[in-house]
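Next come the chains, spelled out residue by residue.
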Amino acid sequence: MLSQHSLSFYKYWRENYRWPLNNTPQSSEERIAGLLSETRIALRNLNSLGKPLLQKIHFWKTQNRGRTTDKYAQILDNNTKIIPNLQKLLFSVSKPTSLQFIEELISVLRIKYANLPVCSAQISFLCNRTVPILDRFVAQFFSRTVSPRILDFAQFNMREVLRDITTVSFVIEDDGTYRCRPRLAVYQKQNFVRNRDLFVSKLLPELNRIAKELNNQQVTYQDIYGKPKEFTGVDVEMAVFAFGTQNRHYFQCWYEGQPIYLDF
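This text gives an overview of the structure that appears in the document. (Residues numbered from 1 in each chain as written. Predicted model: local features only at pLDDT ≥ 70, side-chain atom pairs only at ≥ 80, totals over all residues. Heavy atoms only, no water.)

### A word on unusual backbone geometry
Each neighbour pair has its own omega, and for Trp19 with Pro20 the value is -5 degrees, a cis peptide bond. Among the structural elements, Pro20 can be located in the loop between α1 (4-15) and α2 (25-42). With phi around 70 degrees, Tyr113 is a residue other than glycine that occupies positive phi space. Position of Tyr113 relative to the elements: it lies in the loop between α6 (99-109) and α7 (116-126). (Helix = DSSP H or I, 4+ residues; strand = E, 2+ residues; numbered from the N terminus.)

### Notes on the packing of α6 against helix α10 (residues 189-216)
Their axes nearest at 10 Å, the elements α6 and α10 cross at an angle of 150 degrees. Compared by their axis directions, α6 and α10 come out roughly antiparallel. Pair α6 / α10 crosses with right-handed handedness. Mapping the contact onto sequence places Leu99, Ile102, Glu103 and Ile106 in α6 and Phe192, Arg196, Asp197, Phe199, Val200, Ser201 and Leu204 in α10. Residue composition of the contact of α6 with α10, grouped by class: seven nonpolar, one polar and three charged. (Axes fitted to C-alpha atoms, helices over the stretch in contact; angles between N-to-C directions. Parallel < 35°, antiparallel > 145°, perpendicular 65-115°, else oblique. Left-handed = near helix turned anticlockwise from the far one by under 90°. Contact = heavy atoms within 4.5 Å. Nonpolar A, V, L, I, M, F, W, Y, C, P; charged D, E, K, R; others polar.)

### Here's the deal with the pattern of salt bridges
Here the structure, examined in full by the defined rule, presents 10 salt bridges. Two residues, Asp197 and Arg196, come together in a salt bridge whose shortest N-O distance is 2.9 Å. Since its relative accessible area comes to 30%, Asp197 is described here as partly exposed. Linking Arg209 and Glu206 is a salt bridge whose minimum nitrogen-to-oxygen distance equals 2.8 Å. Of this pair, Arg209 and Glu206 are both found in helix α10, three residues apart, which corresponds to roughly one turn of the helix. Classification of Arg209 by relative accessible area gives partly exposed; the value is 29%. Salt bridges here are not isolated pairs; linked through shared partners, they connect Arg14, Glu29 and Asp235. (Salt bridge = Lys/Arg side-chain N within 4 Å of Asp/Glu carboxyl O. Buried < 20%, exposed > 50% of the residue type's maximum accessible area, 1.4 Å probe, protein only.)

Structural data, given as structure tokens:
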């Protein structure tokens, strides 16, 4: 059973989700709804609309930082396998959103400039937002590789919130700039495989467990139209992402070389 601290935490941050950060919660949600609508249309004609859709989702996730979406688009244009392989997977006779299915989608979508966070975002939309997204904030939160100062956060009792999660030991590394900026380790094969497997086999069930607990304890969140909504694993992920992106100081320059693991 989740503590009252966790119930309040997930409700508050889900209702305060915004991405990009200069957006309001309403415009952020409307953007997701628009992109989801485009996805549904694209799924009817992946041959002509598939690649533009993947590029749009890439831009939504990365905001084209370092022109990464532009670089991705060039690689995608020359790729002849992604769309046929997506069609084969998405339009198979039985297409359950199983863990194996998600892993196969990751394998199809992973090309240069589209690593695990981007692939999971693309999968989330392709699967009608039934699959959560993995990014470094979510990975750090669930692996508890965050600053110990997070326990001093006045708004919520973070010790209790973190006690309520099952630790998922994602590999976090420096981004290579030596400015103590963490990132999800996905650039070496061993780390990619480990983080992919943890995402599929550990994090997704954990997000669903938390959502189930919230619903069992009759906690809902208000959508942008003021209507109460039950939690899904995606909503739990969005809450954690909102907390992380709006409190970055707990997720960045706090270690030298290796992450500090909170000890409970």
